[in-house]
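Below are the chains, spelled out letter by letter.
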Amino acid sequence: MIITNAKESKNIDNLISKKYKIPSNIRMEIAGLEAFKLINSYFKPKRSLIIIGTGNNGGDGLVLARYMFINNISCDIFMMENSKKASVDFKNNKKIAEKLNINFVKSLNKNKISRYDLIVDAIFGIGLNRDIQVKSPIYKIIKLINESKKNICSLDCPSGLCSTTGKTLGISVLAKLTITFDSLKTGLVIDPGYKCSKNIHVVNIGAPNEVFKKIKNTYLDDGEIKKIIKPRSMSGNKGTFGHTLIIGGCKEMPGAVIIAALSAYKAGCGLVTICVPKAISRIVKSKVPEAIVIEMDVSDDGCYFSHINFIESLKNKLRKKPSAIVIGPGMGNKTYLKEIIVKTIKEFNSKFVLDADALNCLNKSIKDLSQYKRDMVITPHPGEMASVTGKTIRGIQENRIQNAELLAKKSNMIIVLKGFRTIISSVKDGTHINSSGSSAMATGGMGDSLSGIIGSFLAQNYKTIDATKLGVFLHGKSGDMLLKKKHNRGILARDIIRVLPEAIDSFVKNSVLEVRNYIKNEN
């Protein structure tokens, strides 16, 4: 699903009026009418209060009030003077409302607002770019709305919410339903903005499809995944589905590479090779007997990889060229391991996923890897992102999209900033906000599973951005499937691995079974 920030939304609005000559009053009429249809279906109100500002969002509210009035739904309007200059379309629709004798209330208080079963917020929309002051009339009205315990519907965006960052600008309306126009807004779905809308409906108000063609940013949902996932080849063999090499593990953390390897297999790649220090090879072989396990020399303390002659030894022991390489799970954060990471990227012309300790070892020097011109995906959690960028975790979390986009630009990599609404950012392919997953998945090993899944889709010859989208979404989707079975906490990586094929199959029909059934039926 296309997603836009405030600036992009305004550019689309301007393009529609200037290039396609669709008048703003027509779009306002459609907005009001479509809002009426949705509200009537969703709430079935008997007495409504529409609180309007004096801009175009208020104009949408006036059109909505008119449709309520002519459909015999009791409706009052309360107007906030939030702008010194009212728009022309607003003025025209206000005149119509006055001609129809729709009631304008002059003041509001707790007692008056209790008379209504629905409150519609049409004060600001996406136009607000400043904090609402505590002592201002608008602050007091929004506070009154929120405390009313009534059904609340916001038009385009809850007033007081920044539609770009999701931050509350002083105070924000808390809506049961937000009806947003033309495209989903980033601020509605990211933290903390998602808390301001329990339900969101996107309504096209006359925007031609062409105006969205240059928008690369999406909200990753089922529809987006259906566009990029491929059916499994009936005649394929393990060579068809690629070879994922996973480099990592240490004596203290043998489980990370096991999780990554099993996840890679379950996501569909044909062959997995696991490169580990000799100290943990036995346990890895016992847990993933389907994988090829390469034993490497260990450090003097017997825990980690030895960096001496690592690349030469790895090349000699590899049986097949890897289609994708995952580096980092459980590898350990030792300074000398950076040499292993950099030399592997330099010597292997492959697609890469850098995760966990690979990021910790590289730290700020990660940007230097662009000289090798490899397709690379990095998957930091906020702490690792802070380490790589030199910022604080708080600084990362306050502007997740901006930080991911900035690092993508500096490093020329695809950035996967993990967390609630995981952000995928690419200079070439835009920014994508993931819709799947939940805090029930906040357990150790989840990142290892994700890196294995992304590596698997890279090995299966998906475009790098598509492999990343699939990996992030299907990883979260697996968690959502478990959540539906009442697992609202403590979902483990092993649980994800178990249901991952089911999550993938929900998007791709199994053509092999269909053919067998067809043959059986013919007999």
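Preceding block: the structure.
Residues numbered from 1 in each chain as written. Predicted model: local features only at pLDDT ≥ 70, side-chain atom pairs only at ≥ 80, totals over all residues. Heavy atoms only, no water.

A.B. asks: How would you explain the pairing of strand 18 (residues 423–426) if you had to name every residue and give the values?
C.D. replies: Burial along strand 18 is two-sided: I423 and S425 and I424 and S426, pointing in opposite directions, are all buried. For strand 17 (residues 414–417) and strand 18, the ladder comprises three bridges, and the chain directions are antiparallel. Within strand 18, the residue paired with L417 across the bridge is I423. In this antiparallel pair of consecutive strands, strand 17 and strand 18, the connection spans five residues, and G419 shows a positive phi of 135°. (Buried < 20%, exposed > 50% of the residue type's maximum accessible area, 1.4 Å probe, protein only. Helix = DSSP H or I, 4+ residues; strand = E, 2+ residues; numbered from the N terminus. Pairing = 2+ DSSP bridges.)

A.B. asks: Now, about the pattern of salt bridges: what can you tell me, with residues and values included?
C.D. replies: Inspection of the entire model under this criterion finds 16 salt bridges. In the salt-bridge network here, residues are joined through shared partners; they are D13, R27 and D182. (Salt bridge = Lys/Arg side-chain N within 4 Å of Asp/Glu carboxyl O.)

A.B. asks: Help me get a handle on the packing of aromatic side chains, residues and values and all.
C.D. replies: According to the stated counting rule, one finds six aromatic pairs in the structure shown. Geometrically, the ring pair formed by Y194 and F420 is tilted, given 4.5 Å between the ring centres and 45° between the ring planes. Within this pair, whereas Y194 is found in the loop between helix 7 (186–189) and strand 9 (197–203), its partner F420 is found in the loop between strand 17 and strand 18, the two being separated by 226 residues in sequence. In this structure, K94 packs its charged tip against the face of F104, placed 5.7 Å from the ring centre. One cation-aromatic arrangement involves K230 over Y462; the distance from NZ or CZ to the ring centre is 4.5 Å. (Phe/Tyr/Trp six-rings, centres within 6.5 Å; stacked < 30°, edge-to-face > 60°. Lys NZ or Arg CZ within 6 Å of the ring centre and 35° of its normal.)

A.B. asks: Tell me about the sheet that holds strand 19 (residues 430–434), and name the residues and values.
C.D. replies: The ten strands lie next to each other as 10-19-18-17-16-15-14-11-12-13, forming an open sheet whose pairing is mixed. Of all strands in the sheet, those with a lone pairing partner are strand 10 (218–220) and strand 13 (292–296), marking the two edges. Mean inter-strand twist for the sheet, computed between neighbouring axes without regard to direction, equals 20°. The pairing of strand 11 (residues 243–247) with strand 14 (residues 324–327) spans four bridges and is classified as parallel. Within strand 14, the position partnered with I247 by the bridge is I327. (Axes fitted to C-alpha atoms, helices over the stretch in contact; angles between N-to-C directions.)

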